[in-house]
Amino acid sequence: MSAHTPLSRRHVLTASTALAAGLASMAWMGPAQAQTAAWPAKPIKIVVAFPPGGLTDAYARNYGEFLSSRLGVPVVIENRPGAGAIIGIDAVAKSPADGYTFVMSTSGTFWQNRVLYAKLPYNLDKDLTPVTVFPSGPLVVGINDKIPAKNMAEFVAWAKKNNTSMGTYAPGSYPHMLADQTNRQQGTTIQSVHYRGEAPMWLDVASGQLQIAVGSFQAFNAVSTRGVRAIGVTGSYRSPKLPDVPTLTEQGNTEKLVTLEGGLPLVAPAGTPEAVLKRMADEAVAWSNTDKAAKLRETFAIPNKPKNLAATRKDWEAEVPVWIKLAVDLGIKLD
């Protein structure tokens, strides 16, 4: 559950200033650091900060297989879940910046965690640098099928009269923020229950231990005929796999949070050679145009693709402060 501790304007400004400084410091690496002539000369490791079976893991393994074929070296996928992705991210933040270690996690664990936690074992602005972001597409808002609600407004009305728990795939994640925002604005008392990934979360919605959850289409679809029903999707457009399910915005929700689309960033230790970062991002773009990538996007109902390094940095600079402000405004603290 979240504790609501309002943060001061000074805290917000401090976080924003640190973000700007971090972005500036990581933006361009000098020629002396572009020691890529012999790269890659050994296996590349991509740490996934969640268990196998979810969207993050699927992206990493599919992209890793393609990357290995293009670079001629093994690409090892290592799942290191736990502590809201802190364990996996910390391992990479403390790794050599030599172009052989990367981490994939949800956007919230890179963006909002800098203000959700008072103390982290790494500095998200100074110790890490983005490579690209793999889109996650619209997230599905699903409820236990026995609950008599056809949309989010009806579910909120039901939740005001019943004990309600929302599953999240990590502390500080999108569903955690959505539950907290709903409580503040609608007067509900929805409890956030955190899981290590999506699969067990959705199974508990199907069994009735949870009443609602938010997550990827593919994970939701595994239980969509077993007692879980979609009542909405997040983001600015409908899910290609659920064309009849309106977005939360279409249902009348005007909060900025429900219009935003997160993703799954691929991140490297700060100081990783610029040419390596560019090559890794370019390969992600090349991979996104393959049949295997198209099949993965079709399975997970994701219409958009990762971008190159320059475009990723531009989006990162524009979007991260928005997510940080949302986390600050909600006042969620995880320690």
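What comes next concerns the included structure. Bear in mind the structure is a predicted one, so any value in this text is a computation, not a measurement.

Quick notes on the rules
- Residues numbered from 1 in each chain as written.
- Predicted model: local features only at pLDDT ≥ 70, side-chain atom pairs only at ≥ 80, totals over all residues.
- Heavy atoms only, no water.
- Helix = DSSP H or I, 4+ residues; strand = E, 2+ residues; numbered from the N terminus.
- Contact = heavy atoms within 4.5 Å.
- Areas by Shrake-Rupley, 256 points an atom, 1.4 Å probe, with all protein chains shown as cover.
- Pairing = 2+ DSSP bridges.
- Axes fitted to C-alpha atoms, helices over the stretch in contact; angles between N-to-C directions.
- Parallel < 35°, antiparallel > 145°, perpendicular 65-115°, else oblique.
- Left-handed = near helix turned anticlockwise from the far one by under 90°.
- Nonpolar A, V, L, I, M, F, W, Y, C, P; charged D, E, K, R; others polar.
- Polar contact = N/O pair within 3.5 Å; in protein donor to acceptor, adjacent residues only side chain to side chain.

As for the overall build of the chain
Looking only at helices and strands, the chain features 13 helices and 12 strands. Across the chain, the fraction of contacts at a sequence separation of at least 24, relative to all contacts at a separation of at least 6, is 78%. Entry remark: accessible area of the chain is about 13,900 Å², with carbon and sulfur atoms responsible for 54%.

Some thoughts on the sheet that holds strand β3 (residues 75-79)
Pairing in this open sheet of 5 strands is mixed, and the strands run β3-β2-β4-β11-β5 from one edge to the other. Each of the sheet's edge strands pairs with one partner strand only, and the pair in question is β3 and β5 (128-135). Looking at each pair of strands side by side, their axes are set apart by 25° on average, direction ignored. Where strand β4 (residues 101-104) lies against strand β11 (residues 263-269), 2 bridges are found, and the strand directions are antiparallel. Along β11, the bridge assignment pairs Met104 with Leu266. Along the sheet face, helix α11 (residues 274-288) touches β4, β5 and β11 and points at about 5° away from the line of β5.

A word on the packing of helix α7 (residues 174-186) against helix α13 (residues 309-330)
Look at α7 against α13: their axes get within 10 Å of each other, and the N-to-C directions meet at 45°. Taken as axis vectors, α7 and α13 run oblique relative to one another. The crossing of α7 and α13 is left-handed. Judged by residue contacts, Tyr174, Met177, Asp180, Gln181 and Arg184 of α7 engage Trp323, Leu326, Ala327, Asp329 and Leu330 from α13. Partitioning the contact of α7 with α13 into residue classes produces 6 nonpolar, 1 polar and 3 charged.

Structural notes on the side chain of Gln211
Within the secondary structure layout, Gln211 lies in the loop between α8 (199-207) and β9 (212-215). At 3.4 Å, the side chain of Gln211 forms a polar contact with the backbone oxygen of Gly208. Setting aside residues no more than four positions away along its own chain, Gln211 makes contact with Gly142, Ile143, Asn144, Ile147, Phe155, Trp158, Asn163, Thr164, Ser165 and Val205.

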